[in-house]
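Listed below are the residues making up each chain.
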Amino acid sequence: MDRSDDRQREAVSRSLAHLDLYYHSLRLMGQKLLSVADRSTAASSGVLYERCLQLGKECSSILRLLRVHLDAEDFGLCESTLNRVNLGVDRASRAREHAPYMVNIWRVLEAVAEFQVGIASKYGYETLSERTELERGLVGRDATVGTVGPARAQAEVVPAGVDAFKPIPLPAFRRPRRRRIQPFLRPGLVAGILIVLAFVVVSLAAPVIAPPEGEDAYTIPEDGYGVQPRPPRPGYPLGTTERSFDVFYGIVWGTHLAFRIGLSVTVGRALIGVIVGLVSGYYGGFPDALMMRITDAFLAFPIVPATLLMLTFFGPTRLGRAGGQSGVDSIIILSLILFGWMQYARLVRGNVLAERAKQYVEAAVSIGARAPHVIFRHVLPNVPQGLFVLVASDIGAMVVLAAVFTFLGLAGRRGLADWGWLLYVGRNWIIGTPSNAFQYWYTYLPPIAAIVLFSVGWNLIGDGLRDVLDPRLR
Amino acid sequence: MIQYVLRRLLTLPIIIFLVTLILFSLLWQLPVEVRAGVYVPQTGRFLTPEEQAGLVERAIRIHGLDNPWPVQYANWLGLLVTGSWGYSPSWQQPVLEGLLQRAPATVELLLFAMVPSVVLALALGSFASRHRNRFPDHLIRGATFIGWAFPSFILGLMLMNVFYAWLGWFPPERLSIWTGPIVHSEQFRSYTGMYTVDALLNLDLRIFWDAVKHLVLPAFALALAQWALLTRIMRSSMLDILGEDYVTTARSKGVPERRVVGLHVRRNALLPVISTGAVAVSMLLSGVVVIETVFSINGIGRAAAEAMMFTDVPVAVGFAIFTCIVVVIASLIADLLYAAADPRVRLY
């Protein structure tokens, strides 16, 4: 409720700002007309008449738009003002002489000013005249309407007109800076960003808080051959799991690996998706049909069976890397990219189709711009909105998926610093002992917490972004 | 309508062609010895390296694995169509046979996960949309967030820990041990391989109840993410339709709200849900692998994951094809349902 109120207030104050601007321009024109009439140069006054009428019409259309946003009580006021303005403009347009013309223009001004006085304070909008009067040291609203009116002597008017030619500060649109940041200040989004930031800190600090011992940082150092997990103790803040693997080290470097997997998979997916979507959406016809059928074919592969296939084909055992370097995560990353870019492609294609139908693209094409130029300069910059949402929510999901494979025991080697692998080992101890069901909590709780928090954090960001960028789903 | 169905059916061969082409081009990356290994049946006795090499060479010769790839691709397609999907060394049986033998357990789990979750998603999604931004809506949206963000295998592990290790209500695997003699006896006839259905057909309610008890946790863990997805889609599409002009028209001419929602809104809101159907099936097939492993259900997914430990190429290919077929069929059904639900589709 609060938000819609805010939006209404914003719409009204923006319309009022426009109205204010037109009002003041009209007033300036009127003053100028008065001074011109004084010198009887009819030639330029014709242009000024026209401009005045135009401004009057602008006022009327602003009022008409404003009507929609107003509450019932102000609606009537707006309606009657609109009628007065229309009447004034109509009569002025039919006036043949200077005097009746001016009278009607003043009537329009009067109506608008009264309306503003009635409504501005309610919506917290400071009218321009109010501010300029304040700056000049004249306080009080009488000045707004009264400074120049048909009833006043012209001598009084002209100096005021001269004064008014000084540059007028443009009406400030309220809270432009807050508007840019405020939508992002949602509790969910902020919480998500904080969670992810915490992971970022851990991942960046990894070499300091858990210095790697071997060549490969993603291998958990093995201290001794104790089969039983041992609880937290100095040097091992989260204890050691089966075969004395350091849980803390695994969590810390697992964070590092998680970011590596999440970011590279989503970037890879987005890259393929953007290329396919752009080509397909922009060229249409046969390339589009072909690309979309290929997309459909890839969509037929559920991601887990497809990745199992890739792991079997090119996994560490097959390539004779069983004990060696971290080959398994690159296979998983590759497979998650290869069998997961389709959603991105469809999204980009849809956006491109929507963009392509717009006039500016047609204009660019009509002046002979080549396809790559149009694609990269005009279409591409308008595509990424939805992409951010997809990327944000995918990063968490990809890390969970990768953890699934290591959890299934497909890491290909022991001691991979990965949350899924820790859980694969810790799973054996999840039942606990008859006296204490949670005796071995340190073997499975830390990786579970890490995976869940990581996934929840990125999902919060994704959902929050979607709410901001696409309010339709709210 | 018929024209639409025919047109949709015509795209089917193209998709199948592309799917098999993708698979084959991956397969093509493997060295020829590995591919030949698919055709070498396991004899059960130990083979010397020379004997093994001889068998592999023979397989290469017989199956034409030294031909150019289009020929090999055609051969391979032929094998797929005739049902010879290769011999799995880790299962010690032909792949297709192994898959079909393990399928009922998986199908049963999928049904128990899918049917309640779809029904609940439709009901709760439309319920939430009609109480937009009020308490029930917030509650349902919160639940869908948790369901979507919470990894299913961790959910499974935690459910096991609480309901099996701690409370002892819902045990893992497919049936309790005491049912073994009954299920494998002469009197208990196996019709489908799904214990719940078979128990009902055999009029044995105790077995049925036991099987259901074993299915509750895995079905819940498997279905939660899909439920969350479908509920969100249902809610937002209901909101979209509720804002349409024709709904306002119906309301303003005095149609009761129940009838407006039932007749004008819900049916149209179903369309996006239907088109997500294939994605949901694909998600379930992915989830089934890990859920079956966690709950020790001897279905396709778990068997495939275990075969991967032995880098069992035939099973990997067979499992991928199997799931692809299911997804392709599901998306065909979804498209046909879409056409049935949306008359506009039939126009072109």
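Residues numbered from 1 in each chain as written. Chains lettered and ligands numbered in written order. Predicted model: local features only at pLDDT ≥ 70, side-chain atom pairs only at ≥ 80, totals over all residues.

### A look at the overall build of chain A
- Counting secondary structure elements, chain A contains 19 helices and two strands.
- Expressed as a percentage of the 474 residues in chain A, the buried residues total 42%.
- Across chain A, contacts joining residues at least 24 apart in sequence account for 72% of those joining residues at least 6 apart. (Helix = DSSP H or I, 4+ residues; strand = E, 2+ residues; numbered from the N terminus. Buried ≥ 20, exposed ≤ 12 C-beta atoms within 10 Å, placed from the backbone. Contact = placed C-beta atoms within 7 Å.)

### Structural notes on the overall build of chain B
- Scanning chain B from N- to C-terminus turns up 14 helices and two strands.
- In terms of principal-axis extent, the alpha carbons of chain B reach across some 85 × 55 × 40 Å.
- Split into buried and exposed, the 348 residues of chain B put 38% on the buried side.
- Summarising the internal contacts of chain B: among those between residues at least 6 apart in sequence, 74% fall at separations of at least 24.

### Some words on the interface of chain B and chain A
- Contact residues are listed per partner, giving 41 residues for chain B and 38 residues for chain A.
- Only helix H1 (2-27), helix H6 (135-149), helix H7 (152-166), helix H12 (257-294), helix H13 (300-309) and helix H14 (313-341) of chain B provide two or more residues apiece to the side of chain B that touches chain A.
- Counting residues per element, the side of chain B that touches chain A draws most heavily on H14 of chain B, which supplies nine residues.
- Across the side of chain B that touches chain A, the residue classes tally to 32 nonpolar, eight polar and one charged. (Nonpolar A, V, L, I, M, F, W, Y, C, P; charged D, E, K, R; others polar.)

### Considering helix H4 (residues 69-82) of chain B
- When the terminal C-alpha atoms of H4 of chain B are compared, their 20 Å separation across 14 residues agrees well with the 20 Å that a helix rising 1.5 Å per residue should span.
- Just downstream of H4 of chain B lies glycine 83 of chain B, where phi reads positive at about 90 degrees. (Expected span 1.5 Å × (residues − 1).)

### Overview of the confidence of the model for chain A
Residues and elements named next belong to chain A.
- Averaged over chain A, the pLDDT score is 78; the fraction of residues at 70 or greater is 81%.
- At the level of individual helices and strands, chain A shows its lowest average pLDDT in helix H6 (residues 142-146), which scores 42, and its highest in helix H9 (residues 187-209), which scores 91.
- Contacts of residues 138-176 to residues separated by more than four positions or lying in other chains number 47 contacts, the stretch itself having pLDDT below 50. (pLDDT = per-residue confidence, 0-100.)

### As for the packing of helix H10 (residues 247-283) of chain A against helix H14 (residues 342-356) of chain A
All names here are of chain A.
- Where H10 contacts H14, the two axes come as close as 7 Å, and the packing angle between them is 40 degrees. At the point where H10 passes H14, the crossing takes the right-handed sense. Note on element contacts: H14 touches H10 through Tyr344, Ala345, Leu347, Val348, Arg349, Val352, Leu353 and Arg356, opposite Arg269, Ala270, Gly273, Val274, Val276, Gly277, Leu278, Ser280, Gly281 and Tyr282.
- Residues belonging to the contact of H10 with H14 are distributed by class as follows: 11 nonpolar, four polar and three charged. (Axes fitted to C-alpha atoms, helices over the stretch in contact; angles between N-to-C directions. Left-handed = near helix turned anticlockwise from the far one by under 90°.)

### Structural notes on the packing of helix H17 (residues 384-407) of chain A against helix H18 (residues 419-426) of chain A
Residue and element names in this part refer to chain A.
- At a closest axis distance of 7 Å, the pairing of H17 and H18 adopts a crossing angle of 40 degrees. Relative to H18, the element H17 lies oblique. The way H17 lies across H18 gives a crossing that is right-handed. Contacts between H17 and H18 involve Ala402, Ala403, Val404, Phe405, Thr406 and Phe407 on the former and, on the latter, Trp419, Gly420, Trp421, Leu423 and Tyr424.
- For the contact of H17 with H18, a count of residues per class yields nine nonpolar, two polar and no charged. (Parallel < 35°, antiparallel > 145°, perpendicular 65-115°, else oblique.)

### Digging into the nonpolar core
- Ranked by internal contacts, the top residues of the largest apolar core, which has 176 residues, are Val404 of chain A together with Leu109, Ala304, Ala316 and Ala320 of chain B.
- Among the elements that line this core, the one with the most residues is helix H10 (residues 205-242) of chain B, at 20 residues.
- When near neighbours in sequence (up to four residues on either side) are disregarded, alanine 320 of chain B contacts Phe301, Pro305, Ala306 and Leu309 of chain A together with Leu23 of chain B.
- Core analysis: the next-biggest nonpolar cluster, separate from the first, contains 33 residues, Leu33, Leu66, Val85 and Val108 of chain A among them. (Core = buried A, V, L, I, M, F, W, Y, C linked by C-beta atoms within 7 Å.)

### With respect to unusual backbone geometry
Residue and element names in this part refer to chain B.
- Even without being glycine, glutamine 92 reaches a positive phi, approximately 60 degrees.
- Along the chain, glutamine 92 falls in the loop between strand E1 (87-88) and strand E2 (93-94).
- Among the residues examined, glutamine 92 registers 11 C-beta atoms within 10 Å and is labelled exposed.
- Positive phi outside glycine occurs at asparagine 133, with the angle close to 60 degrees.
- Relative to the helices and strands, asparagine 133 resides in the loop between helix H5 (95-130) and H6.
- Residue classification places asparagine 133 among the exposed residues on the basis of 10 C-beta atoms within 10 Å.

### Regarding helix H3 (residues 49-62) of chain B
All names here are of chain B.
- Spanning 14 residues, H3 covers 20 Å between terminal C-alpha atoms, matching the ideal 20 Å at 1.5 Å per step.
- Across the 14 residues that make up H3, only a small minority, zero, are buried.
- Downstream of H3 by a residue or two, glycine 64 has a phi angle that is positive, lying close to 65 degrees.

### Regarding the environment of lysine 358 of chain A
Residue and element names in this part refer to chain A.
- Note that lysine 358 resides in the loop between H14 and helix H15 (359-366).
- Since 12 C-beta atoms lie within 10 Å of it, lysine 358 is described here as exposed.
- A sequence separation of 21 residues divides lysine 358 from valine 379, and the C-alpha atoms of the two residues are 9.9 Å apart.

### Examining the confidence of the model for chain B
- On average, chain B scores 85 in pLDDT, and the residues at 70 or more come to 96%.
- Within chain B, no element has a lower average pLDDT than helix H2 (residues 32-37) of chain B, which sits at 73, and none a higher one than H5 of chain B, at 92.

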